[in-house]
Amino acid sequence: MLVTVLGASGRTGSHVVRLLRRHGHTVKAGLRSRQRGQHAAALGAEPVLADLTTDPAGLVEVFLGSDAVINTAGAADPDPSAVNMVDRDGTIAAIGAAERAGVARFVQLSAQFADSPDQGDRLVRSFLLAKQVSDSALRRSSLIWTLVRPGNLTDDPATGRVKVAGHLEPGRVPRADVAAVLVAALDEPFTENRGFDVVSGDTPVTAALAAFS
Ligand SMILES: NC(=O)c1ccc[n+]([C@@H]2O[C@H](COP(=O)([O-])OP(=O)(O)OC[C@H]3O[C@@H](n4cnc5c(N)ncnc54)[C@H](OP(=O)(O)O)[C@@H]3O)[C@@H](O)[C@H]2O)c1
């Protein structure tokens, strides 16, 4: 499968690129700057310029030929204007570009409580509201979508084990395990056109996704 990863230089995105390559996929690593390309190239991915906020037409070019897009990009700044620009409008632009490029599958890294921002942490309300809007746009799109909603991300080592359900109590989960879920979703038809929460748990990733069905 040819998979384009958005936010490939990020902490979760880097794990996604590494895992996709390990699973034998061909990978385009979407980056905002060519200077970040060395790491992606070392992992065997093709670095491509893909900024969600500046060049929607360029995104179509980037996505051409891709079977799937995994979007792990997100604003570094929690300021509402930044999250609205990247997590809301940028993601909506990427969804539209994927449709225009004929991509079949779109896996979105969302966040726990993005589907109910009023129940999430008030400190990240703007972020959750931005995600809520772009998640809705993905659901309404012509793409086969998956919305992965992790709890708080950590840099702990991968455990390979998670808990997956439509809705879960607030939790934490290593970025490496979330990356495994994002990649495994490509091969799990039960994740098509569905969204689910993910936190750390006891069940191996593929079994957790299969059990969710
Ligand atoms: N932090 C949490 O606890 C949490 C919880 C739930 C969900 N999430 C979601 O998970 C995402 C990934 O988290 P993370 O910690 O792996 O993030 P990260 O390390 O900060 O990586 C974010 C990535 O997004 C890229 N990016 C930023 N603006 C962009 C733009 N305009 N166009 C294209 N790419 C852009 C960054 O590129 P550069 O390297 O060029 O900056 C980077 O590659 C978050 O952004 C958020 O949406 C986070």
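The model shown is predicted, which means the values in this text are computed figures rather than measured ones.

Caption draft 1: Broad picture of the pattern of salt bridges. Within the structure shown, the criterion is met by 5 salt bridges. Two residues, D89 and R88, come together in a salt bridge whose shortest N-O distance is 2.7 Å. Because the salt bridges share partners, they merge into one network encompassing D115, R149 and D197.

Caption draft 2: Spotlight on the site of the ligand. As a matter of local geometry, the ligand sits amid 26 residues, with S9, T12, R32, R36 and K131 nearest to it. The contact in question runs from an oxygen atom of the ligand to an N or O atom on the backbone of G7, over 3.2 Å. Contact distances for the ligand include 2.7 Å between an oxygen atom and a side-chain N or O atom of R32. Taking 920 Å² as the accessible area of the ligand by itself, protein coverage stands at 85%. Elements represented by at least two residues in the shell around the ligand include exactly α1 (11-22), α4 (80-101), α5 (125-140) and β7 (152-154). Its residues placed into classes, the shell around the ligand shows 9 nonpolar, 10 polar and 7 charged.

Caption draft 3: The pairing of strand β1 (residues 2-6), seen in detail. Summarising burial for β1: 5 of the 5 residues are buried, a large majority. Going residue by residue along β1, you find L2, T4 and L6 tucked away on one face and V3 and V5 tucked away on the opposite face as well. Here β1 runs beside strand β2 (residues 26-31); their pairing, made up of 5 bridges, is parallel. If you follow T4 over to β2, its bridge partner there is K28. Handedness of the crossover joining β1 and β2 through α1 is recorded here as right-handed.

Procedures and definitions
- Residues numbered from 1 in each chain as written.
- Predicted model: local features only at pLDDT ≥ 70, side-chain atom pairs only at ≥ 80, totals over all residues.
- Heavy atoms only, no water.
- Salt bridge = Lys/Arg side-chain N within 4 Å of Asp/Glu carboxyl O.
- Near = heavy atom within 4 Å.
- Polar contact = N/O pair within 3.5 Å; in protein donor to acceptor, adjacent residues only side chain to side chain.
- Areas by Shrake-Rupley, 256 points an atom, 1.4 Å probe, with all protein chains shown as cover.
- Helix = DSSP H or I, 4+ residues; strand = E, 2+ residues; numbered from the N terminus.
- Nonpolar A, V, L, I, M, F, W, Y, C, P; charged D, E, K, R; others polar.
- Buried < 20%, exposed > 50% of the residue type's maximum accessible area, 1.4 Å probe, protein only.
- Pairing = 2+ DSSP bridges.
- Right-handed = clockwise from strand over helix to strand, strands pointing away.

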